[in-house]
Amino acid sequence: MCSEISDRTARCLCGSIRVTMGGPLPDVAACHCGQCRRWSGHVWAGLNAGHVEIEGPVTWYRSSETAERGFCPACGSSLFWRSDATGDTEISAGTLDPPTGMRLLRHVWVGDKGDYHDIADGLPQFPRGSTG
């Protein structure tokens, strides 16, 4: 299911970084991998944003041999994950300005999730990536 709203805006906590995205956006996936847990403080809830226009001073951190993560150098907001292979930019769902109309679709990398919580929302769970 995709959101019906055609244009989106997002921003970091302090507003130094603003993002504009066009077109309907896919629903959200929750990633429970170790890197995402450390990056977000719990679970990374993100969506593939397609083409994004970014205004502001994003700092990019090389988090692995295959991806980098973007954050605001002023307030520290975790904003983006970008794949080297595809160039796809995933954006944190929590940064989008409401209303979003989106829904959580699935949980990925649940084999690495923190031991301090259970996933009990009935959504599909994949031990590794989005296809299991």
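Residues numbered from 1 in each chain as written. Predicted model: local features only at pLDDT ≥ 70, side-chain atom pairs only at ≥ 80, totals over all residues. Heavy atoms only, no water.

**Here's the deal with the sheet that holds strand β2 (residues 18-22)**
For the record, the criterion: A pair of strands counts as paired when DSSP detects no fewer than two bridges linking them. Only runs of H or I of at least four residues qualify as helices and only runs of E of at least two qualify as strands under DSSP, and these elements are numbered from the N terminus. Convention adopted: a line fitted to C-alpha atoms gives each axis, helices being fitted over their contacting stretch, and angles between N-to-C directions are expressed from 0 to 180 degrees.
The sheet built from three strands is open, its strands ordered β1-β2-β5 with antiparallel pairing. Of all strands in the sheet, those with a lone pairing partner are β1 (7-11) and β5 (52-55), marking the two edges. In this sheet, adjacent strand axes meet at a mean angle of 15 degrees when their direction is disregarded. Here β1 pairs with β2 via five bridges, running antiparallel. Bridged to A10 within β2 is V19.

**Concerning the state of the cysteines**
Defined as follows: The criterion for a disulfide is a pair of cysteine sulfur atoms lying within 2.5 Å. Categorising residues by exposure relies on relative accessible area from a 1.4 Å probe, with only protein chains included: less than 20% of the type maximum marks a residue as buried, more than 50% marks it as exposed, and the intermediate range marks it as partly exposed.
This structure, assessed with the given rule, holds zero disulfides. Among the cysteines around C12, which has no disulfide bond, C14 carries the closest sulfur, lying 3.7 Å off. With a relative accessible area of 2%, C12 lands in the buried category. In this model C33 remains outside any disulfide bridge; the closest cysteine sulfur is found in C36, 3.7 Å from its own. Looking at C33, the relative accessible area reads 14%, which means it is buried.

Everything listed is a geometric property; what it means functionally is a separate question.
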